[in-house]
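Structural features, examined
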Amino acid sequence: MSLSERSSVESGHVFFWPVGFQLTAYEFFFTATPAIKSFINSVEITIFGVVISMLGTTLAAYPLSRKYLMGRRFLTLAMVFTMLFAGGLIPTYLIVKSLSLIDTYWALWLTGFISTYNMLLMRSYFENIPQEIEEAAGIDGCSEWSLLGRIILPLSMPMLATIGLFYGVGYWNAFMSVLMYINTTSMQNLTVVVQAMMSSNDLLTSATTDVVQQQMMVTEMIKSVAITVMVIPMLVVYPFLQKYFVKGVMLGSIKG
């Protein structure tokens, strides 16, 4: 629908392939709506959010995977406890507000800093790495930081890619948290803007469009463009991570 002409969309002739291929709806979407700014906001939220969350998750999972860590069981249970019992929406909002994080992206990044589920997945993966590799690295004089950065993480690329994708999809699709903590319209991400477009009946009313443009557009076409723009980035990123979703990464890592 986003690539089809108006008459074909209105008559219901569009099913799977575009009918009367054109890019007018995309031109309208990126010029008459705040899509470009919101898209940039989404990219910023996602990239920095993934980096921060991956750093925090790794630094939490690695120590908890070491059997010699004192209080390891207690710390793990304490983090699992947060999966069963949460503080609630209102207390969380009050804490964010008391820290003066309202209308900043740090409200999104800190509230989603570490996913306990993702941390447990990463911890289990670290635990399954053969101990012989770590012992060999210790004999060669590797410190804990060197062991983590030069051996553990390279062997954990499938898990890191998977967790990174989980975080990326979560930040890219962030909706409720943006509505709660981001009040400035120019700072809102693409998800919120698209939702506003999907629910607005005045979608074609814009000071930057003339009557001719409005006559060439129908609301369903613009909505289709918005949904497509939301989905494409994840489809583009996934092939680059797919190569890490393979088994047997550590086959032969101990031998010879």
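The sections below set out a description of the structure shown in this document. Since the model is a prediction, treat every value here as computed from it, not as a measurement. (Residues numbered from 1 in each chain as written. Predicted model: local features only at pLDDT ≥ 70, side-chain atom pairs only at ≥ 80, totals over all residues. Heavy atoms only, no water.)

**Focus on the overall build of the protein**
A tally of helices and strands in the protein yields 14 helices and zero strands. Counting only residues that meet the buried cut, the protein has 37% of its 256 residues in that class. For the protein, the proportion of contacts with a sequence separation of at least 24, taken over those separated by at least 6, is 75%. (Helix = DSSP H or I, 4+ residues; strand = E, 2+ residues; numbered from the N terminus. Buried < 20%, exposed > 50% of the residue type's maximum accessible area, 1.4 Å probe, protein only. Contact = heavy atoms within 4.5 Å.)

**Things to note about the environment of Leu120**
Secondary-structure assignment places Leu120 in helix H7 (residues 116–127). Note: C-alpha distance between Leu120 and Leu64 (56 residues apart in sequence) is 9.1 Å.

**Here we look at the pattern of salt bridges**
Opposite charge on two side chains permits pairing when their charged atoms draw close. Scanning the entire structure with this criterion turns up three salt bridges. As a salt-bridge pair, Arg123 and Glu127 come within 3.7 Å of each other at their nearest N and O atoms. You can see Arg123 and its partner Glu127 sitting in helix H7, four residues apart, about one turn around the helix. Residue classification places Arg123 among the buried residues on the basis of a relative accessible area of 16%. Several salt bridges share partner residues, and in doing so they unite Arg72, Arg123 and Glu127 into one network. (Salt bridge = Lys/Arg side-chain N within 4 Å of Asp/Glu carboxyl O.)

**Focus: the environment of Asn128**
As for its position among the elements, Asn128 is in the loop between H7 and helix H8 (131–139). It is 9.2 Å that separates the C-alpha atoms of Asn128 and Ser65, two residues lying 63 residues apart in sequence. Looking at Asn128, its side chain comes within polar contact range of the main-chain oxygen of Ser124, at 3.1 Å. (Polar contact = N/O pair within 3.5 Å; in protein donor to acceptor, adjacent residues only side chain to side chain.)

**Digging into unusual backbone geometry**
The phi torsion at Ser100 lies on the positive side, around 60 degrees, for a residue other than glycine. Residue placement: Ser100 occurs in the loop between helix H5 (89–98) and helix H6 (106–111). Residue Ser100 is classed as exposed on the basis of its relative accessible area, which comes to 60%. For Asp103, which is not glycine, the phi torsion reads 70 degrees and is therefore positive. Accessibility expressed as a relative area gives 25% for Asp103, which makes it partly exposed.

**Looking at the packing of H8 against helix H9 (residues 144–155)**
Running from N to C, H8 and H9 point in directions that differ by 155 degrees, and their axes come no closer than 11 Å. One element, H8, and the other, H9, form an angle in the roughly antiparallel class. Crossing of H8 against H9: the hand is right-handed. Counting all contacts with H8, which are made through Ile133, Glu134 and Ala137, the residues of H9 involved are Leu147, Ile151, Ile152 and Leu155. (Axes fitted to C-alpha atoms, helices over the stretch in contact; angles between N-to-C directions. Parallel < 35°, antiparallel > 145°, perpendicular 65-115°, else oblique. Left-handed = near helix turned anticlockwise from the far one by under 90°.)

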